[in-house]
Amino acid sequence: STDSIKLATGSAAKEIIVWEAASGAPLVTGLNGYHTSSVRCLAWSSAGRLASGGVDGSLVLWTQEGTKVGTKVSNAHAGGVNTISWLSADAVVSAGGDCAIKTWQA
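Residues numbered from 1 in each chain as written. Predicted model: local features only at pLDDT ≥ 70, side-chain atom pairs only at ≥ 80, totals over all residues. Heavy atoms only, no water.

Caption draft 1: A look at the overall build of the chain. Each helix and strand in the chain was counted, giving zero helices and 10 strands. Secondary structure elements of the chain occur, N-terminal to C-terminal, as β-β-β-β-β-β-β-β-β-β. Relative to the 2.2 N^0.38 estimate, which gives 13 Å for 106 residues, the radius of gyration of the chain is 13 Å and therefore close to what a compact globule would have. For the chain, the C-alpha atoms occupy an extent of roughly 40 × 30 × 20 Å along the three principal directions. Looking at the chain as a whole, 38% of its 106 residues qualify as buried. If you take every contact in the chain between residues at least 6 apart in sequence, the share linking residues at least 24 apart comes to 31%. Accessible area for the chain stands at about 5,200 Å²; split by element, carbon and sulfur atoms hold 53% of it. One way to put it: in the chain the 7 positive side-chain charges average out to a point 7 Å from where the 7 negative ones average out. (Helix = DSSP H or I, 4+ residues; strand = E, 2+ residues; numbered from the N terminus. Rg over C-alpha atoms; globule rule 2.2 N^0.38 Å. Buried < 20%, exposed > 50% of the residue type's maximum accessible area, 1.4 Å probe, protein only. Contact = heavy atoms within 4.5 Å. Areas by Shrake-Rupley, 256 points an atom, 1.4 Å probe, with all protein chains shown as cover. Lys, Arg positive; Asp, Glu negative; His and termini not counted. Charge placed at Lys NZ, Arg CZ, Asp CG, Glu CD.)

In structure tokens, the structure reads:
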């Protein structure tokens, strides 16, 4: 996270785990089933929201608590989401295997 308190990881098992950075203890688990293949990229907003992108082409914007899906875009990019970044507290930019750059409202 931008405050260095939390760390998020994504895996080929389609799962996202949020960890406490200092201790390495898991804070949020069970975030699986939202991506249908590997989680490729993650990004924290300055407000503490998490965004995830997958090989399946989906983009997921999580709630402030990071425990529920706020918004899911199933076909954000053909060929998968390669990178994501927050532009502001309510806007995300993504780039994908389709050679496109897109902006999304959170």
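Caption draft 2: Expanded view of the confidence of the model for the chain. Per-chain confidence: the chain averages 93 in pLDDT, with 99% of residues scoring 70 or above. No element of the chain has a lower mean pLDDT than strand β7 (residues 69–73), which averages 87, and none a higher one than strand β9 (residues 91–96), which averages 97. (pLDDT = per-residue confidence, 0-100.)

Caption draft 3: Quick peek at the pairing of strand β2 (residues 15–20). Note that strand β1 (residues 6–10) and β2 share five bridges and pair antiparallel. Within β2, the residue paired with Thr9 across the bridge is Ile17. Where β1 folds back on β2, the antiparallel hairpin that results is connected by four residues, among which Lys14 adopts a positive phi of roughly 70 degrees. For β2 and strand β3 (residues 26–32), the ladder comprises four bridges, and the chain directions are antiparallel. The partner of Glu15 across the bridge, within β3, is Asn32. What sits between β2 and β3 in their antiparallel hairpin is a turn of five residues, with Gly24 showing a positive phi close to 80 degrees. (Pairing = 2+ DSSP bridges.)

Caption draft 4: Summary view of unusual backbone geometry. Unusually for a residue other than glycine, Ser4 sits at a positive phi of about 65 degrees. Take Ser4: it is sitting in the segment before β1. Overall, Ser4 belongs to the exposed group, its relative accessible area being 56%. In this structure, Lys14 is a non-glycine residue whose phi angle is positive, near 70 degrees. A relative accessible area of 34% means that Lys14 is categorised as partly exposed.

Caption draft 5: View of the side chain of Arg49. Within the secondary structure, Arg49 sits in the loop between β4 (39–44) and β5 (50–54). Polar contacts involving the side chain of Arg49 include one to the main-chain carbonyl oxygen of Trp62, which spans 2.7 Å. Other than its neighbours up to four places away in sequence, Arg49 contacts Ala43, Trp44, Leu61, Trp62, Thr63, Gln64, Gly70, Trp86 and Ala106. (Polar contact = N/O pair within 3.5 Å; in protein donor to acceptor, adjacent residues only side chain to side chain.)

Caption draft 6: Summary view of the packing of aromatic side chains. For the structure shown, the criterion picks out one aromatic pair. With a centroid separation of 5.0 Å and an interplanar angle of 85 degrees, the aromatic rings of Tyr34 and Trp62 are classed as edge-to-face. In this pair, Tyr34 sits in the loop between β3 and β4 while Trp62 sits in strand β6 (residues 59–62), placing the two residues 28 residues apart along the sequence. Taking relative accessible area as the criterion, Tyr34 reaches 29% and is therefore assigned partly exposed. For Trp62, a relative accessible area of 0% corresponds to the buried category. (Phe/Tyr/Trp six-rings, centres within 6.5 Å; stacked < 30°, edge-to-face > 60°.)

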